[in-house]
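Read off the chains here:
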Amino acid sequence: MPRLEEHLAPRVRSAVVNGSFRLEIGQFSIKITSAIPEFADALIRLYAGYPASVEGGAYDFDIAISPASFFRQWARRNASFVLSGEAPFLPMHVNHAHALFEWGLNWTIGSYAHQYLILHSAVMEKHGCGVLLSATSGSGKSTLAAELALSGWRLLSDELALVDQKIRLVPCTRPVSLKNQSIDIVRERHPEALLGPVAADTHKGTIAHLPAPKTSISRSLDTALPKLIVFPKWSADARFRLEPLGSGQAAMRLIDQSFNYPILGRQGFERLVELVHTSEAWEMDYSSLDDARAALEQLVVERA
Amino acid sequence: MPRTSPLLRFLSQGTLPPINDGESASLLVAEARAAGVQCRLAINLEKDGKLRSLGDSLAEQMSGAITQANEFKREVQRELVHIEHALSRIDAPAILLKGAAYALLDLPPAEGRLFSDIDVLVPVKHIAQAEAALMLGGWSTGKLSDYDQRYYRQWAHEIPPMIHHRRGTTIDLHHSLVMPTCRLRVDSEAMIAAAIPSGLGKWYRLRDEDMVLHAAAHLLMNSEFHRGLRDLWDIDLLYRHFDANTSGFATRLFSRAQQVGLQGILEHTLVLTKKVFGTPVPDDILPKANDLVLRILARSISTRHPDTRPSGQNTADALLAIREMYLRLPWRLLLVHLSHKAATFFSPTEPVETKTAA
């Protein structure tokens, strides 16, 4: 399938409007429909390197980014996230539509892709070593994922670890969502990186997305084997600390950060146990991205 | 121009889109998701060995839905044990209704049915006792405005939803099967009085006919049509099950409907189930109704996916919402209720519940 950037932009725009646009994000084929031009432009920028079709066909999820109701349009140009005709969230300003799409897609996968055990975690790979970076929001997980992705690691996801039946990590490679000061940090450290449009003052602060590296997108159907589970925690004055963590502890923390662990019942438990048995768990406190990257690179080199 | 609906086709004829038409298979799953029946669809396809004909990717998603449905059933059973324990303090029969009753009795509509509230009914004179018992068990009604409290306590057929402080499960505690203020003269008490022990723990259940009638009354008198197709499917499955297992079910169902004042509701419901699911209701017993209300209902209780829903669905929903209000509340109460809602709508100071993207 050709990549989005290989289609003519007007052709893509009309396909997005008339419902014949499909975007391939790893295992998932998404039908994306929208009459909002700002959103189509952001999509073309952030997903340029992804396989895409403008001729319809099968899809896993049908998502629309729709203008809010006729009456609301008069007050403010809003956009709603709509999955299969239902809008689970409040509308947001059109300038935030692409951020809304990313959140909505996370929600969709977390609510309907129960073939996977889904953990709230970034997933990276180097030297054949799959690494989960599991942390609560605000722990610098996405910034670290962006740093690694821009330093030659393969990006599988900055938000969702999808663990299949054979305990493989299934890629869901998408733009990395950067918040507030992370945007400047990434810009400063990697001036060559082209970020997508900035969504200022969303309910989560200011958001900009780093498009996934081309090499990661081209491998978005190759699963990775989990070898390491790292719980990173950034704070401005942290002293660097890297300590092993017991598998029981790791399991408890992953359950806390899971989207669908209780929904999967026994299957969820079994996959989680196998995951923490096949991977080593570490806890990492850091203030410098250089320290964190160097430590992770050493860990994967030792295990390659 | 809406496309033909693969979901409605599957429900009426059991046929799936052709293997080479991946887009229609995708639409089938999307419609099922919009109707809240994705798990039930998955279970049905799995039983017939047809899951793979959706294509590998959708089949994977559907297998996840089956895992979810099976675990959900176990979770409901666990929760029912907790509720039964809490209610063991009261000396009145507790009747399980709707989804939870189907799950307890393992009736066909329990397959793949996800729901968020467990509906329990106790006779009205025991309602305070039951509420106290559930509070001791950890459930309580959250904060409600004075108006909402009064709406529930004085007019409604249930008390405000009770939520468990740790597990977050919700119980709707009822004392009647329909709003007591309802304009239709429905003999809810006769149905409650006829409830029988379920044979499973201390739970009581409605009789077969009453279970169908209650499901029908609930579907047509509450305008919750985003789950209408699922609820209609429940009724089709219940009807087929009882009809196959007891002789003369159809006749008993119709005469019971007449006794309790739900004849019109039952007729409308069965015309719809027959139309959508081909429910085997004998023609000589079911009048060929095609009145305006029925035509409006048929538009709302249908697929709700934007690509396939019947034209005029929004209008039909709005008309039925007005009809529901009309049926539920006599004129005086209706005026009080609507003026309160209007005042709330235009008042800027009223706290508005918000939902934001995760």
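Residues numbered from 1 in each chain as written. Chains lettered and ligands numbered in written order. Predicted model: local features only at pLDDT ≥ 70, side-chain atom pairs only at ≥ 80, totals over all residues. Heavy atoms only, no water.

## Thoughts on the environment of E71 of chain B
All names here are of chain B.
Item 1. Mapped onto the secondary structure, E71 falls in helix α4 (residues 56–87).
Item 2. On the accessibility criterion, E71 (7% relative accessible area) is buried.
Item 3. Along the sequence, E71 and I265 sit 194 residues apart, while their C-alpha atoms lie 34 Å from each other.
Item 4. A distance of 3.1 Å separates a polar atom in the side chain of E71 from a polar atom in the side chain of R74.
Item 5. A polar side-chain atom of E71 sits 3.3 Å from a polar atom in the side chain of R78. (Helix = DSSP H or I, 4+ residues; strand = E, 2+ residues; numbered from the N terminus. Buried < 20%, exposed > 50% of the residue type's maximum accessible area, 1.4 Å probe, protein only. Polar contact = N/O pair within 3.5 Å; in protein donor to acceptor, adjacent residues only side chain to side chain.)

## Thoughts on the domain arrangement of chain A
Residue and element names in this part refer to chain A.
Item 1. By domain assignment, chain A separates into domain 1 (4–112) and domain 2 (117–303).
Item 2. Placing a centre on the C-alpha atoms of domain 1 and another on those of domain 2 gives a separation of 25 Å.
Item 3. With 22 residues of domain 1 in contact, the opposing surface of domain 2 contributes 29 residues.
Item 4. In this assembly, domain 1 packs against domain 2 so that about 2,200 Å² is buried in total across both faces, 65% of it on carbon and sulfur atoms.
Item 5. Among the ionic pairs, R174 bridges to E102, the shortest N-O distance being 2.9 Å.
Item 6. Summed over the shared surface of domain 1 and domain 2, the number is six residue pairs in polar contact (both at pLDDT 80 or more). (Domains from an automatic or database assignment. Contact = heavy atoms within 4.5 Å. Buried area = accessible area lost by both parts, 1.4 Å probe. Salt bridge = Lys/Arg side-chain N within 4 Å of Asp/Glu carboxyl O.)

## Looking at the confidence of the model for chain B
Item 1. Averaged over all residues, the pLDDT of chain B is 89; the fraction at 70 or higher stands at 92%.
Item 2. Across residues 348–358 of chain B, confidence stays below pLDDT 50; counting only partners more than four residues off in sequence or on other chains, it has 14 contacts. (pLDDT = per-residue confidence, 0-100.)

## Let's talk about the interface of chain A and chain B
Item 1. Counting from both sides, the interface comprises 30 residues of chain A and, opposite them, 28 residues of chain B.
Item 2. Contact between chain A and chain B buries roughly 2,400 Å² in total, counting both sides, with carbon and sulfur atoms accounting for 50%.
Item 3. Counting across the interface, chain A meets chain B through four salt bridges.
Item 4. The closest approach of N and O atoms between R22 of chain A and E23 of chain B, which form a salt bridge, is 3.0 Å.

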